[in-house]
Amino acid sequence: MSTNPASILYESSSRPVAEPLLTLTALHKALADSLRLQILRLLKSESFSVLELCRILDIRQSALSHHLKILLQAGLLSTRREGTSIYYRRALVHDHADFAESRRHVLEAIDTLPISTSQNRKIRQIQQERGLSSLQFFRRNADKFREKQGLIVGRGQYAASLHEVISGLGLEKQARVLEVGPGEGQLLAELAERFQRLTALDNSPDMLEKARSTTVAAGHQGIEFLLGETRSVTDRQFDLIIFDMVLHHIPSPAMTIKDCARLLAPSGTLLICDLSRHDQDWVRESCGDLWLGFDTTDLRDWAGQAGLEDHQGSFLGLRNGFQIQMRMFSKKRDARGR
């Protein structure tokens, strides 16, 4: 009696055996190429568009698209659209996914691979270009910042909720607090009523001066103002780091969150107030946004990679279809609770 070979690939009481076999085949095919391994290494905690990856890898777009397709089919990459561009990042490895443990081990091995000096230089150039675009916007619109922000959301629509979250942290007056990107200084002036050790950090001298003028006019003299980015801050720790509608202007949110993990005191909190993911591309030109908000998983995953725990989240519905999310993260404690 002959046996149909195809029947071997099926079990009567479960899904087809062929399905995991095909998954495993696609996974091994995707990993059997050194260029694709480089792509996965570059996308460990960053998102890049096709053109940006072409620059970093020095490869034609048609050739790169072929490799990206294979990685997508293997479930190793995910995509998100930012206006007219599609950005690629590594896909999450879910516990219930086929061969999840094998995927984790392979990616851990890939992450030990070095990134060449040339590629690192190109990555820095891309990040600088993103940052320059944001800087140029704020240089042109420093006097119209509140008006521009008001196109999306006015502070009155969420300020009370933000202060409620900050109050709930129970921080002492002597707590060390850093606000990144203080804008015109409204929140900074309000924080000065609560805390005595405040630092403001911004890479735009125009906006930093705006914030300084606002706080001085409100009678607050002891605030420290730093010109630069999170990566340029050293030898300091903070009990609270706040991003108030700023992260979507930052060239590399993942790296910035990693910087914040380094700057947080052992019991410190990172508080991010920003837009949820949306598709309204007009905010790029009108408001200087680099990113169209963030998915819940984006912030959680970047924080997890930086060694931070996700503690709490709340969401506020706003006009024009925008939604604000408030997220809190802190350093992970060890088995002894430290």
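Calculation notes
Residues numbered from 1 in each chain as written. Predicted model: local features only at pLDDT ≥ 70, side-chain atom pairs only at ≥ 80, totals over all residues. Heavy atoms only, no water. Axes fitted to C-alpha atoms, helices over the stretch in contact; angles between N-to-C directions. Helix = DSSP H or I, 4+ residues; strand = E, 2+ residues; numbered from the N terminus. Parallel < 35°, antiparallel > 145°, perpendicular 65-115°, else oblique. Contact = heavy atoms within 4.5 Å. Nonpolar A, V, L, I, M, F, W, Y, C, P; charged D, E, K, R; others polar. Buried < 20%, exposed > 50% of the residue type's maximum accessible area, 1.4 Å probe, protein only. Polar contact = N/O pair within 3.5 Å; in protein donor to acceptor, adjacent residues only side chain to side chain. Pairing = 2+ DSSP bridges. Left-handed = near helix turned anticlockwise from the far one by under 90°. Salt bridge = Lys/Arg side-chain N within 4 Å of Asp/Glu carboxyl O. pLDDT = per-residue confidence, 0-100.

*Asks:* What exactly am I supposed to notice about the packing of helix H3 (residues 50-57) against helix H4 (residues 61-73) here?
*Replies:* Pairs of packed helices are described in terms of their axes, by the angle between the two and the distance that separates them. Between H3 and H4, whose axes approach to 10 Å, the crossing angle comes to 105 degrees. Comparing the axis directions of H3 and H4 gives the class roughly perpendicular. Within the contact between the two elements, H3 uses Val50, Leu51, Leu53, Cys54 and Leu57 and H4 uses Gln61, Leu64 and Leu68. Looking at the contact of H3 with H4 residue by residue, the classes come out as seven nonpolar, one polar and no charged.

*Asks:* I'm lost on helix H2 (residues 34-42) in this one. Help?
*Replies:* Each full turn of the α-helix corresponds to 3.6 residues, which orients residues three or four apart in the same direction. If you check which residues of H2 are buried, you get Leu35, Arg36, Ile39, Leu40, Arg41 and Leu42. The opening residue of H2 is Asp33, an N-cap whose side-chain oxygen sits 2.9 Å from the backbone nitrogen of Leu35.

*Asks:* I would appreciate a short explanation of the sheet that holds strand S10 (residues 323-331) in the present structure.
*Replies:* Backbone hydrogen bonds hold the strands of a sheet together, and the pairing may be parallel or antiparallel. Pairing is mixed in the open sheet, where seven strands are placed in the order S6-S5-S4-S7-S8-S10-S9. Where the open sheet ends on each side, the last strands, each with one partner, are strand S6 (224-227) and strand S9 (308-317). Adjacent strand axes in the sheet meet at a mean angle of 15 degrees when their direction is disregarded. On the sheet, helix H10 (residues 205-217) packs against strand S5 (197-202) and S6 and is oriented at approximately 175 degrees with respect to S6. With respect to the sheet, helix H13 (residues 296-305) is in contact with strand S8 (264-275), S9 and S10, its orientation differing from that of S10 by roughly 15 degrees.

*Asks:* Explain the packing of helix H11 (residues 253-263) against H13 here, please?
*Replies:* Two numbers describe how H11 lies on H13: the axes approach to 9 Å, and their chain directions differ by 45 degrees. When the interaxial angle is binned, H11 and H13 end up oblique. At the point where H11 passes H13, the crossing takes the right-handed sense. For the pair H11 and H13, the contacting residues are Pro253, Ala254 and Ile257 in the first and Leu299, Trp302 and Ala303 in the second.

*Asks:* Even after reading the chapter, I still don't get the pattern of salt bridges, so can you show me in this structure?
*Replies:* By the definition in use, this model includes 13 salt bridges. Arg327 serves as the salt-bridge partner of Asp310, at 2.8 Å between the closest nitrogen and oxygen. Placement of Asp310 in strand S9 and of Arg327 in strand S10 is noted, with a sequence separation of 17 residues between them. According to the relative accessible area criterion, Asp310 is partly exposed, its value standing at 36%. Each of Arg80, Arg89 and Asp298 takes part in one network of salt bridges that share partners.

*Asks:* Help me understand the confidence of the model for the protein in this model?
*Replies:* Low-pLDDT stretches of the model should not have their predicted coordinates read in fine detail. In the predicted model, the protein carries a mean pLDDT of 85, and 87% of its residues have values of at least 70. For the protein, per-element mean pLDDT is lowest for helix H7 (residues 145-150), which scores 61, and highest for strand S4 (residues 176-180), which scores 98. Segment residues 5-13 is flagged for pLDDT under 50; beyond a separation of four residues in sequence, or across chains, it makes seven contacts in the model.

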